[in-house]
Amino acid sequence: MKKVTNKNNITLINATSSISNFNYFNKKDRYNISKDLLINLKNSDFNFTVPKKLIPNKPRIDDEVRLMVLNRDNMSIDHQYIYNFNNYFFNGDTIVFNNTKMYKSILYGKKEKTGDNIQVYLLREVNKKEKSWEVLVQPARKIRIGNRLFFLDENNEKLLAVVHDNTISKGRILKFNSDLPNKEFKRKINHLGKIQSDIYTDFKNSFLDLSKMQTIYAKKAGSTSPHFPGLHFSKLLLKKLELQGVNFSYITLHLGTNTYEKILVEDLQKHRMKEEYFNIPIKACQLINSSLKSQKKVCAVGTSTLRALESSVSTYNTLNPNKNWTNKFIYPYYKFNIVNSILTNLHPPKSTLIPLLSAFTGYEFLMKAYDIAIKEKYKFYNFGDAMLIL
């Protein structure tokens, strides 16, 4: 390992394997490390093993969900339950929720010529007027440009589609042949489709009732994936927070497969995220900026919420209202401008979520927390326990 001294006289370690780097920065610089101070963390540094017995396959009741609390100021780890979440927030703090609503995104159909069974996973709408969508298909090798596909409802009525193009991410552009108004067309798709409950595995498995996969504040339809951290919030927990004077701010980021995809390259800088649509309204900005000005907590519920907020920062490090698309990939050593706390789940190795959280907590502290979580038998992934980072 080679020691390097930067212009601020902070000693760094240049390494290509897992290292204890977090404590090389003093408290002032710990969360504000610029790219010119880069330590060479790679994808393999974020690898670990989660025992299968710690991965639940269905939702659990609130009282069962544990909460691991990481405090970055004193590097402490506390073990609580989700119903104690409100104990960490006070008058003037703002919690930011992603109010996206999931639709049924998986369609089963057939190829028109051969009758072969096919599966289509709707990723995002490309053109409303043309009713074209970016999709993933299985079996991909048999679905080519020009192929005609059809999907049957319970009355044996066909919904036709044509494969119009390929995408750079090994997907397809599908154009549906329908004269229905767009709102009715989406209703029909939602009626034909199924939802995916476990995005970390092959998407042909594990389906659940849609009503069990929506947050209680879901409002804006557009996600193909559930917003799992938001499922931790009950009406009772929200009421307790409200009575404590905590602000609720609602933004939208429509989830695709981004956050659940594994990173396939060793160099993190070469990973590319797919674009996702987000909308940050003026009211949300007012609440969040007020908390920032008062040096209060701004807590993002979920990494999707955090990425949306960090994609709309003004030159004054405040939040701007914005409707846009983002492919923001956060990894060490990103400087966070808006969010100073986050509630999330416990995630799989080599996913995009681990580098993001490592950038937020510091590499060593996060890896230590995950090691403790496994030893303490916390539940991982979609239906697992929660982690609050302060």
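Scroll up to find the structure this text is about.
Note that the structure is a prediction, hence the values are computed from the model and not measured. (Residues numbered from 1 in each chain as written. Predicted model: local features only at pLDDT ≥ 70, side-chain atom pairs only at ≥ 80, totals over all residues. Heavy atoms only, no water.)

## As for the overall build of the protein
For clarity, the cut-off: The secondary structure listing takes helices from DSSP runs of H or I that are at least 4 residues long and strands from runs of E that are at least 2 residues long, numbered from the N terminus. Partly exposed describes any residue whose relative accessible area lies between the buried limit of under 20% and the exposed limit of over 50%, with all areas from a 1.4 Å probe on protein chains only and scaled to the type maximum. In this description, contact between two residues means that some pair of their heavy atoms is separated by no more than 4.5 Å. Computed by Shrake-Rupley with a 1.4 Å probe, the accessible areas treat only the displayed protein chains as cover when residues are assessed.
Secondary structure summary: the protein contains six helices and 19 strands in total. Counting only residues that meet the buried cut, the protein has 53% of its 390 residues in that class. Counting only contacts in the protein whose residues sit at least 6 apart along the sequence, the fraction spanning at least 24 positions is 70%. Taken as a whole, the protein presents about 18800 Å² of accessible surface, with 48% of it coming from carbon and sulfur.

## Some details on the packing of helix α5 (residues 353-361) against helix α6 (residues 363-375)
Just so we agree on the cut-off: Each axis is a line fitted through C-alpha atoms, and for a helix only the stretch in contact is used; angles between axes span 0 to 180 degrees, taken between their N-to-C directions. Note on terminology: angles under 35 degrees are roughly parallel, angles over 145 are roughly antiparallel, angles of 65 to 115 are roughly perpendicular, and the others are oblique. By convention, the crossing between two helices is left-handed when the near helix turns anticlockwise from the far helix through less than a right angle, and right-handed when the turn is clockwise. Here the nonpolar group is Ala, Val, Leu, Ile, Met, Phe, Trp, Tyr, Cys and Pro; Asp, Glu, Lys and Arg are the charged ones; every other residue, Gly included, is treated as polar.
Where α5 contacts α6, the two axes come as close as 7 Å, and the packing angle between them is 120°. By the criterion of interaxial angle, the relationship of α5 to α6 is oblique. Note that α5 runs across α6; the crossing there is right-handed. The residues of α6 that touch α5, namely those facing I354, L357, S358 and T361, are Y363, F365, L366, M367 and Y370. A breakdown of the residues in the contact of α5 with α6 according to their chemical character gives seven nonpolar, two polar and no charged.

## A closer look at the sheet that holds strand β7 (residues 106-111)
The criterion, for reference: A pair of strands is labelled paired if DSSP reports no fewer than 2 bridges between them.
Around the barrel, six strands lie side by side as β7-β8-β9-β12-β11-β10; this closed barrel has antiparallel pairing. The average undirected angle you get between the axes of adjacent strands in this sheet is 45°. Sheet topology note: the strand β9 (residues 132-138)/strand β12 (residues 172-177) ladder contains four bridges and is antiparallel. Across the sheet, S132 pairs through a bridge with K175, a residue of β12.

## Details of the packing of aromatic side chains
Operational definition: Any pair of Phe, Tyr and Trp rings, taking the six-membered ring for Trp, is counted once the centres come within 6.5 Å. Such a pair is stacked with planes under 30 degrees apart, edge-to-face with planes over 60 apart, and tilted for the rest.
Taken as a whole and judged by the stated rule, the model has 19 aromatic pairs. Where Y217 meets Y250, the ring centres are 5.9 Å apart and the plane angle is 55°; that geometry is what we call tilted. On the criterion of sequence distance, the pair formed by Y217 in the loop between α1 (182-192) and β13 (220-223) and Y250 in strand β14 (residues 247-253) is long-range, its members being 33 residues apart. Assessed through its relative accessible area of 32%, Y250 is described here as partly exposed.

## Some details on the sheet that holds β14
The sheet built from nine strands is open, its strands ordered β4-β3-β19-β18-β16-β5-β14-β15-β17 with mixed pairing. Whereas interior strands pair on both sides, the edge strands pair on one side only; in this sheet they are β4 (76-81) and β17 (322-326). The sheet shows a mean angle of 20° between the axes of neighbouring strands, taken without regard to direction. Looking at chain direction, β14 and strand β15 (residues 276-280) are connected through two bridges and run antiparallel. Paired with L253 across the bridge in β15 is F278. Strands in contact with helix α3 (residues 282-293) are β5 (94-98), β14, β15 and β16 (298-301); relative to β14, the strand with the most contacts, it is inclined by about 130°. Those strands touched by α5 are β3 (66-71), β18 (341-345) and β19 (386-389), and its axis lies near 150° from that of β18.

## Remarks on α6
Put simply, the test is: What a helix should span is 1.5 Å times the count of its residues minus one.
Between the first and last C-alpha of α6 there are 19 Å, a value that for 13 residues agrees with the 18 Å anticipated at 1.5 Å per step. Taken as a whole, α6 has its buried residues at Y363, F365, L366, M367, A369, Y370 and A373. Those residues of α6 that are buried lie in contact with β3, β4, β18, α5 and β19. Once α6 ends, the next one or two residues include K377, with phi positive near 60°.

## A closer look at the pattern of salt bridges
Oppositely charged side chains can pair when the atoms bearing their charge come close. Rules: Just to be clear on terms, a salt bridge is a Lys or Arg side-chain nitrogen sitting within 4 Å of an Asp or Glu carboxyl oxygen.
This structure, assessed with the given rule, holds seven salt bridges. Between E112 and R148 there is a salt bridge; the shortest N-O distance is 2.6 Å. Here E112, found in the loop between β7 and β8 (117-127), pairs with R148, found in strand β10 (residues 148-152); they are 36 residues apart in sequence, far enough to count as distant. On the basis of relative accessible area, E112 is assigned to the partly exposed category, the value being 34%. Taking the shortest distance from any N to any O, the salt bridge between K375 and D371 comes out at 3.2 Å. With K375 and D371 both in helix α6 and four residues apart, the pair spans about one turn of that helix. The exposed category is assigned to K375, whose relative accessible area is 58%.

## Some thoughts on the side chain of K131
Keep this limit in mind: Charged residues are defined here as Lys and Arg on the positive side and Asp and Glu on the negative side; His and the ends of the chain fall outside this count.
Within the secondary structure, K131 sits in the loop between β8 and β9. Salt bridges are absent for the buried K131, whose nearest opposite-charge side chain, D179, sits at 6.7 Å. When neighbours within four sequence positions are excluded, K131 is seen to be in contact with L174, K175, F176, S178, L180 and F185.

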